[in-house]
Amino acid sequence: VQLQASGGGLVQAGGSLTLSCAASGRTFSDSLIAWFRQAPGKEREFVAGGRWSGGSTVFADSVKGRFTTSKDRAKSTLSLQMNSLRPEDTAVYYCAAQPRGIYSNLRIASSYNYWGQGTLVTVSS
């Protein structure tokens, strides 16, 4: 499966951005799907994720209430809507997928074999 992330950019604090992740080569149908981010000098951290097939989305505490996700099943696209952005949200954002992934490993980056190329989000103060 190939993942293509897009939608990053520069935004002022308090603003919004929507990231998209499009899959090709294989459907998400039986996959765990997630967004991670990596700020300069920091480890990659989980942002949001869940099963493509359904169920609730899990969010990191740092983004809960500000970020939401949506799916376009027809286009095999996962979106991350980011509101009330803060300077500390500045990072490269990655989408990830793991076919037949183990749900208990949802938040663990090393559990994913498929990654998008990353899209930079910069939030200015």
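Residues numbered from 1 in each chain as written. Predicted model: local features only at pLDDT ≥ 70, side-chain atom pairs only at ≥ 80, totals over all residues. Heavy atoms only, no water.

Colleague: I tried to follow the environment of tyrosine 114 on my own but got confused; where do I start?
Modeller: For tyrosine 114, the position within the fold is in strand β10 (residues 114-115). Remark: the alpha-carbon pair of tyrosine 114 and glutamine 2, spanning 112 residues in sequence, is separated by 7.1 Å. Residues in contact with tyrosine 114, not counting those within four places in the same chain, are Val1, Leu3, Cys95, Ala96, Ala97 and Pro99. (Helix = DSSP H or I, 4+ residues; strand = E, 2+ residues; numbered from the N terminus. Contact = heavy atoms within 4.5 Å.)

Colleague: Whenever I open this one, the pattern of salt bridges confuses me. Can you help?
Modeller: It is possible for side chains of opposite charge to pair when their charged atoms get near one another. Applying the stated criterion to the full structure yields 5 salt bridges. Across the pair aspartate 30 and arginine 100 runs a salt bridge whose closest N-O atoms are separated by 3.4 Å. Within this pair, whereas aspartate 30 is found in the loop between β3 (17-24) and β4 (31-38), its partner arginine 100 is found in the loop between β9 (91-99) and β10, the two being separated by 70 residues in sequence. We classify aspartate 30 as partly exposed; its relative accessible area is 29%. Note that arginine 66 and aspartate 89 form a salt bridge whose closest N and O atoms lie 2.7 Å from each other. Of this pair, arginine 66 sits in the loop between β6 (54-59) and β7 (67-72) while aspartate 89 sits in the loop between β8 (77-82) and β9, placing them 23 residues apart in sequence. Residue aspartate 89 is classed as buried on the basis of its relative accessible area of 0%. Here the residues in one salt-bridge network are Arg37, Glu45, Arg66 and Asp89, joined through shared partners. (Salt bridge = Lys/Arg side-chain N within 4 Å of Asp/Glu carboxyl O. Buried < 20%, exposed > 50% of the residue type's maximum accessible area, 1.4 Å probe, protein only.)

Colleague: Sorry, what's going on with the pairing of β4 here?
Modeller: The side chains of a regular strand alternate, first on one face of the sheet and then on the other. In terms of residue burial, β4 counts as a mostly covered element, since 7 of its 8 residues are buried. When β4 meets β9, the two strands line up antiparallel, connected through 8 bridges. Bridged to alanine 34 within β9 is alanine 96. Note: β4 against strand β5 (residues 45-51), 6 bridges, orientation antiparallel. Pairing of isoleucine 33 across the sheet is with glycine 50, part of β5. (Pairing = 2+ DSSP bridges.)

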